[in-house]
Amino acid sequence: MDIESIVNCGICGHPIRLSIDLQSIEFPDSYELLIEFYEGQLNVIKCPVCKHKIPLGTPLIVTNTKQNSVIVVIPDEQRHILEELLTEFPDNLNIEYCVDYSALYRAMAPWFSDDVLPVIKMLVTNKFYDQPIDTQMEMLSPFVLRVFKSAVDGTLIEPILRFTGKASPDEHKRLIEGIYTIVITEFIRQLLQLSVKSHDIPELNSLVRARVPSKCITDDVLSNILGDCVGFKDPLSDPTGFRRGFLRAYLSAIVHSHAGEEDPQGDVWATYLFCVWKLSKAENIFLDPQFRLPREAIRQTVAFRDLWDVTTTIDNLNKSDDRMALFADRLEMMKSFGFQAEFEETFITLPFGIDAPTDDPVAQQKIGDAMVTVMLERYPFNVNPDKSIEVGAIVGGNVTILLNNGHQDAAILVAKEMLDRSLRAHDYFAAVAIGARVVEALNTAEEFLMSAELMSQLMPLIEDTSTHTLLGTSRPSLMLDFFNEMGNLLRHWHSYDLALTMYCFAEEIYGLIPEQERSLNSISVLNRNRAIVYRDMGKYRKAKDLLNAEIARRPDDPALLFNLVGLEIQTNNFEQALLRLNQIIDLIVDKKPSPLWAEYMLCRAELKRSLGDTEAGLKDLIVAYDIASAAKSNRRLRIAATAMRFRSDESEGSDFIQKCLHVLLATLGDNERRSDPSLILTIVTLMAERYLEEGTAVNFLSILQPEFEWLESWDTSFPWQYEYIRGWLAYQLGESKIAWSRLERAANKINERIPQGEDVSFSPAWMYDKDRFQQHLSSVAIELVRRDELPATELLKVYELTNGREIAARLGKHLSSEDIISGISKLAEKANRNIQIFFPLIEGKIIHLCYLSSTSRVPVVIEQGQWDRDELLKVRKQTYNALKQANPEDLSVLDAKMQPWTELSASLGKAIAPYLDESGHVCFLPGRDLTGLPLHLVQLSGGINLLERTTVTYAPNFAMLLASQSLPSTGSVAVVTVSKRRDSDKFRARALETSRELIDLWQRNCEVHELKELEATAGEILNVIQRVDQVIFICHGAYAGPGRGHGICVSDERQLPPSLFPIVEVPDLERFVLTWDDFEEVDSCPHTVVSIACSSGLTEVVAGGTRHGLEQTLFGHGTRALISPLWDIDQEAGLEWLKTFSQARTQNPERAIEETYRETSLALKVRFSHPYFWGSFTLNGSLF
Amino acid sequence: MSDLIKLIETLTREEALEAAQNLALRISKDESPGDREEAVLKPLIEKPFENIQEIEQLARLVLLTAAANPENDEVVRSAIAGAGRKQFILGGAEIIVLATLGLFALNLLVTKGKASEQETIKIEEEDGKTMITVENRVSYGISQSLGQVLSSYFGR
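Remember, it's a predicted structure, so these values are computed and weren't measured experimentally.

## Remarks on the overall build of chain B
- For chain B, the helix and strand inventory stands at 7 helices and 4 strands.
- Secondary structure elements of chain B occur, N-terminal to C-terminal, as α-α-α-α-α-β-α-β-β-β-α.
- Counting every position in chain B, which comprises 156 residues, the buried fraction comes to 58%.
- Contacts spanning at least 24 positions in sequence make up 74% of the contacts within chain B whose residues lie at least 6 apart.
- On chain B, roughly 7100 Å² of surface is accessible, and the fraction owed to carbon and sulfur atoms is 46%.

## Re the overall build of chain A
- Looking only at helices and strands, one finds 51 helices and 25 strands in chain A.
- Its C-alpha atoms put chain A at 120 × 75 × 65 Å along the principal axes.
- In chain A, which comprises 1184 residues, the share counted as buried stands at 55%.
- If you take every contact in chain A between residues at least 6 apart in sequence, the share linking residues at least 24 apart comes to 71%.
- Accessible surface computed for chain A: about 49600 Å², of which carbon and sulfur atoms make up 51%.
- Placing the 119 positive and 165 negative side-chain charges of chain A at their respective mean positions leaves the two points 4 Å apart.

## Section: the sheet that holds strand S20 (residues 1073-1074) of chain A
Residue and element names in this part refer to chain A.
- On the basis of which strands lie adjacent, the open sheet formed by 3 strands has the order S17-S18-S20 and antiparallel pairing. Every interior strand has two partners, whereas the edge strands, strand S17 (1037-1039) and S20, have only one.
- Bridging between strand S18 (residues 1046-1049) and S20 involves 2 bridges; their strand directions are antiparallel. For Ile1048, the partnering residue across the bridge sits in S20 and is Leu1074.

## Things to note about the confidence of the model for chain B
Residue and element names in this part refer to chain B.
- Averaged over all residues, the pLDDT of chain B equals 84, while 88% of them reach at least 70.
- Here strand S2 (residues 121-126) stands out as the least confident element of chain B, with mean pLDDT 70; helix H5 (residues 73-81) is the most confident, with 95.
- If you check the scores for this complex, the pTM reads 0.70 and the ipTM reads 0.89.

## As for the side chain of Gln1131 of chain A
- On the secondary structure map, Gln1131 of chain A appears in helix H49 (residues 1131-1147).
- Accessibility expressed as a relative area gives 0% for Gln1131 of chain A, which makes it buried.
- In this view, Gln1131 of chain A contacts Phe987, Arg990 and Ala991 of chain A together with Arg85, Lys86 and Gln87 of chain B; residues no more than four positions away in its chain are not counted.

## As for the interface of chain B and chain A
- Contacts between the two partners involve 31 residues from chain B, matched on the other side by 36 residues from chain A.
- It is Arg85, Gln87 and Ile89 of chain B in chain B that bury the most area against chain A; as a group they hold 31% of the surface buried on that side.
- At the surface where chain B touches chain A, the tally comes to 5 salt bridges.
- Its salt-bridge partner being Arg982 of chain A, residue Glu14 of chain B comes within 3.5 Å of it at the nearest N-O pair.
- On inspection of chain B and its partner chain A, the count reaches 18 residue pairs in polar contact (both at pLDDT 80 or more).
- Counting residues per element, the side of chain B that touches chain A draws most heavily on helix H2 (residues 13-28) of chain B, which supplies 7 residues.
- Residues that form the side of chain B that touches chain A fall into these classes: 13 nonpolar, 9 polar and 9 charged.
- Here strand S19 (residues 1060-1061) of chain A runs beside strand S1 (residues 90-91) of chain B; their pairing, made up of 2 bridges, is parallel.

## Remarks on the sheet that holds strand S3 (residues 23-26) of chain A
Residues and elements named next belong to chain A.
- With mixed pairing, the 4 strands of this open sheet are ordered in space as S3-S6-S7-S8. Looking along the sheet, the strands with just one partner apiece sit at the ends: S3 and strand S8 (94-98). The sheet shows a mean angle of 15° between the axes of neighbouring strands, direction not considered.
- Two elements, strand S6 (residues 60-64) and strand S7 (residues 69-73), share 5 bridges in a ladder whose sense is antiparallel. Looking at the pairing, Ile61 lines up with Val72 of S7.

## Focus: helix H17 (residues 385-404) of chain A
Residues and elements named next belong to chain A.
- With 20 residues, H17 should reach 28 Å at 1.5 Å per residue; the first-to-last C-alpha distance of 29 Å fits that figure.
- Turning to H17, its buried residues number three or more, namely Ser388, Val391, Gly392, Ile394, Val395, Gly396, Asn398, Val399, Ile401, Leu402 and Leu403.
- A side-chain oxygen of the first residue of H17 lies 3.0 Å from the backbone nitrogen of Asp386; this N-cap is Asn384.
- Positive backbone phi, at 85°, marks Gly406, one or two positions downstream of H17.

## Here we look at the pattern of salt bridges
All names here are of chain A.
- Counting across every chain of the model gives 77 salt bridges over all chains.
- Linking Lys619 and Glu650 is a salt bridge whose minimum nitrogen-to-oxygen distance equals 3.1 Å. You can see Lys619 sitting in helix H29 (residues 614-627) and its partner Glu650 sitting in the loop between helix H30 (634-643) and helix H31 (651-668), a full 31 residues away along the chain.
- The partly exposed category is assigned to Lys619, whose relative accessible area is 41%.
- Look at Glu650 and you get partly exposed, because its relative accessible area is 36%.
- With its nearest N and O atoms 2.8 Å apart, the salt bridge here joins Glu948 to Lys1165. Within this pair, whereas Glu948 is found in helix H44 (residues 946-949), its partner Lys1165 is found in helix H50 (residues 1153-1167), the two being separated by 217 residues in sequence.

## Some points on the environment of Leu279 of chain A
Residues and elements named next belong to chain A.
- Here Leu279 is to be found in helix H11 (residues 266-281).
- Overall, the relative accessible area of 12% leaves Leu279 in the buried class.
- Sequence separation between Leu279 and Pro968 is 689 residues; the distance between their C-alpha atoms is 92 Å.
- Sequence-distant contacts of Leu279, defined by excluding residues within four places in its chain, comprise Pro235, Phe242, Ile285 and Leu287.

## Quick word on the nonpolar core
Residue and element names in this part refer to chain A.
- Among the nonpolar cores identified, the biggest contains 206 residues, and Phe773, Ile837, Phe839 and Phe958 are the most heavily contacted of them.
- The biggest single contributor to this core is helix H19 (residues 428-444), with 11 residues.
- Among residues more than four places away in sequence, those in contact with Phe773 are Trp720, Tyr724, Leu743, Ala746, Ala747, Ile750 and Leu801.
- Residues Tyr38, Val62, Met137 and Phe187 belong to the second largest nonpolar core, which totals 90 residues.

## Some remarks on the pairing of strand S12 (residues 921-924) of chain A
Residue and element names in this part refer to chain A.
- Of the two faces of S12, both are covered, the one formed by His921 and Cys923 as well as the one formed by Val922 and Phe924.
- Of the strand pairs in this sheet, strand S9 (residues 835-843) and S12 are connected by 4 bridges, and their pairing is parallel. The residue of S12 that forms the bridge with Phe838 is Phe924.
- Examined bridge by bridge, S12 and strand S13 (residues 951-954) share 4 bridges and lie parallel to one another. If you follow Val922 over to S13, its bridge partner there is Val952.

The rules behind these values
- Residues numbered from 1 in each chain as written.
- Chains lettered and ligands numbered in written order.
- Predicted model: local features only at pLDDT ≥ 70, side-chain atom pairs only at ≥ 80, totals over all residues.
- Heavy atoms only, no water.
- Helix = DSSP H or I, 4+ residues; strand = E, 2+ residues; numbered from the N terminus.
- Buried < 20%, exposed > 50% of the residue type's maximum accessible area, 1.4 Å probe, protein only.
- Contact = heavy atoms within 4.5 Å.
- Areas by Shrake-Rupley, 256 points an atom, 1.4 Å probe, with all protein chains shown as cover.
- Lys, Arg positive; Asp, Glu negative; His and termini not counted.
- Charge placed at Lys NZ, Arg CZ, Asp CG, Glu CD.
- Pairing = 2+ DSSP bridges.
- pLDDT = per-residue confidence, 0-100.
- Buried area = accessible area lost by both parts, 1.4 Å probe.
- Salt bridge = Lys/Arg side-chain N within 4 Å of Asp/Glu carboxyl O.
- Polar contact = N/O pair within 3.5 Å; in protein donor to acceptor, adjacent residues only side chain to side chain.
- Nonpolar A, V, L, I, M, F, W, Y, C, P; charged D, E, K, R; others polar.
- Axes fitted to C-alpha atoms, helices over the stretch in contact; angles between N-to-C directions.
- Expected span 1.5 Å × (residues − 1).
- Core = buried A, V, L, I, M, F, W, Y, C linked by side-chain atoms within 4.5 Å.

Listed below in C-alpha cells is the structure:
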C-alpha cells in the first residue's frame, strides 16, 4: 500500500506532498517506534516553511504476538485497501480497528498496563530487586527500559510517574534520575556477569547492544561503568587482575561505543587488546579462548588511533632494533582486528621507519624517497579528478604524520616531490589538492617558509586563466580549500590585505558549488580565518563581531572559541580569556591529547601567569610541553621559550624551566632552526627578557649579541617587544643613547598599533601590558635630558605615551612634541596670557615634576620638584581617606589627618612657586601618581591656596588639553536629579529645590531637559545627553568596583538607588550606577558636564597609565569641560556651589569657564571657609 | 532615657553607620584599627551586606556606649549631625572600614584605653537573646553572631 497525499500545514497552509506507506510495528520489539508513539512524535513532520509540527496519522498495523492481537489504524474510507492484506492473517487473530492515534493509544492501554507499568512501579519502589535475578533480567526488556527513560525525561504524552510528598519537583527529578542510573548500570553489570557465567564473553558486545537501547545509556551510566575500570594490569604478575581489568575495560568500551561516546579509557582497552593478541602469539602461554573477541566486537569498541598509540608506545619500550619485525607484527595484528584498510590507507608512513632518528639526514631522505615511491605506485596521477583530489588528501595526511613525529625533513621532501611530480604529470587537480592539504599541514606545524615555497610553485598554475577556470568550475570545493589555505599562509606572513583577498576569492568560489554540495562549515571556516586576520590587524571590533556570530551558530566549537581567546589576550582581557579557555578545555577534556590541546594548555599557562598565578600556569606549561609531540617541533620550542617568563619556588617547576633553558640554548646553536627567524626571535626575546629581569643579561651577551645580529640581518620589522628588550639591554649596559633610540622605536610601534576608530573601546585594556616599558622609557628620557643628551621637548612625548594614551586614541590624536608646543603657544596667544603646565614623570622610584610654559616653550625638570614615589603614594592614600571620611559637622579630625598632605602641598608649592606668573593660567597634568590629589589647593607662601592666586585646571594629557580651541555656547541643558531611597526628606527636598532653581536659571537662555528621580534611568540619561550641550548631575556618587571606578547613581525606572551599595557582593546593583564604560556606546556627550556626585572627579589610574574615570569616555565623546568633586562632598555646600556657578554662567556666558569656576569656588569660601567645602570641585578638560 | 539615646535609636541604618564612623574617627584620633579587629570581624566583613544588621548593631552600640558617658555628649551629637549630609552611597569597602573602626572605637570607649578596665563589659545570653552591657549603663540586644565576635574580641 502506498498512498500519495498532500497535507496542508495547519499554521501557514503550505502544501506538503507525501507518500504514505502502511507502517508495521511489533509490540514490544519495535521499541524505538513505540517510544516515538508514546512521546507523540511518531509520523510527525515539520513544515519546511514555518517549522510547525504536523501529525500525519499514517496508517499503522501494531502486532502483539503474545496477546495474539493486531490493532489497525486506518481511516474508515481507506479500510477497504487493507481487506486483502488481512485475509492473510490467521483466523483466530483479534483484530481491532482505530480511526486515529488517540484511539490506538486507548486500544493499546491494556498491553502497556500489563507489560510495562508493573515493572516500572517495582523499579521506582525498590521492590524490583526482591525478585530473583533471572526474573529481573527477563522483566527488563528494551521496551521497558526505553519507557523508563522517557518517563524519567518527562517526554511521555501521559506521565506515568507521579510523586506526592513534601519534596520539590526538582528533588523528585533528581531522585528518579538516581534510581534510573542505578537500574541501568546494574542491568549492564548483570549482563557482564551473565556472559562470564555462561562463558560467552566474546558475545557480550552483541548482548549489550541487543538488550540495552543506546538511548538509555546516559552520561551518569557511562560514568558509573567507567568508574568500575581498574586500569591495565600485568597478565603475568597479576593474572586475576588482568582478567578483571580486561572485562571492565571491555564493558566500558562496549557501552561507550554503543552510546556513540568516546571511551576515556580507550587507551587502556587498546592495551588489553594488544596484550591479548601478543599473548595469543606466545608459544608457551595458553590463552583462555574467552579473551578472543570477534573482529566485529573489536572494531566496534576500539579506536584505531588508540590501538596505534598503544602499539607504538609498547614497541618503543621494547627498544628493539628490528623495526621492520615490529612493524610486521603490528600489521598482522591490525589485520586480524580488521583495521588493515585504515592501516594501509591512512598510515602509509609507517613502513618507512617512523621511529628513525629525526636528526639523521640519510634516514630522512630514505623515509621520504620510500614514501614517494609507494604513493606514486598506489595513487597514480590523472586517473580522474576525484582520484587526483584523493592523492592530495593522502599526501597531506602523511606529511602531517611525519611532522607530528618530528620528521620535518622527510615531510618537506615528500611534499615537494609529490607536488613536483603532479605538476610534471600535468595533473592540476592533484597539484592543487596537494598544495592545499600540505600547506594546511605545514601551517599547523608552523613551517611557514616551506608553505610559502610550495605555494609559489603553484602560483603560475593558479594565475593561468584557463586552468583556473577549469579547476574552479569543475571542482570549486578544491579551489575554495586552496584559496583558504593561501589566505592562512599570507596571514602568517602578516600580508593581511592579501590574505583577506584570498578569503574573498574563496567565498566567491563557494557560490559556484552546487547547492546540495555546499557546506556551511566552509563559510564558517572562512569567517573564522577572516576574524583572525582582522584581529591580527588590530581591527578588533570586526574580528569580535565575526567570531561572536560564528560562536552563536556553533557554541561548542573549540577552535572558534580559541580564536576569541586570542582576541581577548591581544587586548589584555585575561579574565575573559581564561573563562573562555576553561570552557574549551571542558569541551575537550575527555578527548585524547593532541597538538591543539598543547596549544590550549600553553595559552592557559600564559593567562594564569598574567593573572598572577604563576605556579599554576607553570603546571599547565609542563603539560603542554609533554603533549607537544616532537622534540624539535616549533611548538615545543615555543613552549620552552614561554617557560622563560615563569618563576617557580617548587622543584618541579624550576627544574622544568632549567630544562627549557638548555633546550633553547641548544636550539640557538642549531643551524637548521635558522630557517625560521620568527621562532628564533621568540626564543631570543624571551630569553633576553629573563636575563634582563634577573639583572644577568650582561653575562649572557656572548649568547644574545650574535642572535640579535643574525635576526637583524634578516629583517628590521620587529615587534615593539623586541625593540624594547634591546633598549632595556642597552640601558643596562649604560648605552643610554642606543637605549633611547630603541625605546623610541618601540614607542612608535606601540603608537601605530593602539586601537583607534571603531576599535577604540579596546584601547584601555590594550595599554595594560605596556606599563613596564613606559616606566623604562620615562626613566631613560629623564636621565638623557639631565645629561643634555636628549632634547627636553622629548619629555612631552614621553608623558603623552605614558598617560591616558587611550584617551588620546579616543580623541584620534597623538601629538608630537612640536604639536604640543605650538598648540599651547596658540592658546596662550588667543587668551593673551601665559599658560603654565606642570606634569610629573617617573624615574624609577622617584617622581619628577616637570614644567612647560607657553613663553619658555621648552619643558624643564624642576630641580626642587622630586619626591619618593612610595612616600608620595602613601600621602595620596592618606589624603584620599581623610577627605573621604571627613565629618562635615566637625572637621577637626580631617585637619589632623591631612597633615601629610599639608606638608606635601607646601613642598609642591615651593617647587612651583618660582615658575608662577600672576596673570597666567596653571594647568596640572597629574599623570599616574598625582591624580586624585587636590593640586589646585597647593599651598603657597603666606598660607594661600593656588586657586586663590590664579585659575587652575586639570587635563589627563596634552591631547585632551589641546582637544578644543573654544568652548561652544550652551544652547541646551539637561538637569538630572536623583536621590537615594532613604535620603532624609530635608536632603531630598533640598536637591529637588536646587534642581528647580537651576532649571529656572538656564531656561532663560536655553532649552532645558529635566530628568528627575525614577525617570532618570541610565538609558534615558544616555539618550538625553546626546542632545544637549551641558548636563548637570545632582545625584549621589558610588564606587562601582575596580575597573569601573567612581560613578553616578541613577534610577532603574522602578526604584531609586539603594541606601547601601555593596556592588561587589551584589553585582546586580550595577544597574543603579553610570560609570565611564556606560558612555562607550553614545555618539556624543555634552561639551560641559557638571556633577556633584561624590568623588565623581576621581580617576583610577591602572597599569599602562590607563585612566578609569568618567573623564575617559566623556572626553572621548566630545566633553571638553568636566566639573566634579574630588571627594565626598557636603550636599549643602555642593548645591550652593552649583547655584553660584550656574548663576555666573548664565549671567556671563562669554566669560572663560576657568574664571567662572575659580570665582565660584572663592565665592563659596565666604560662607564655607574650609577648603573641604569650597575647594572640592575641579575643572578638568581642554583649554579654550 | 536621654534624648541623645532616643536620637540614636531613631537614626536610619545608613545614618547610624555614618555617625558611628564619624564618632570612631574622632575617638581614635591618631590610632587605627589593626589586624586583630579585622581578624575578629572576619565572619562579618567577608560579606558585609549579608551581615549588615550586625554591623548596624555594632554602629549603634558604639554610639550608645559613647552617649552613656555625658562627657561625650557633644562629640556624639556632632557625629550624628554630620551623618546623611553627603552625596554618597556607602559601598561594601566603606562598610568594612566602618566596622573595623567601630570595633576599635568601642574598645577605646569601654576601656578608656586601659586594659585593666575591661571588667566594664558583659555579654550574656538571656532567654535565648544575646545582651551586651557596658559599664552597667548601656544594655543592648545584639545578634548571636555579633555576640560571638564581641566575646572573642573582649575575651568574654
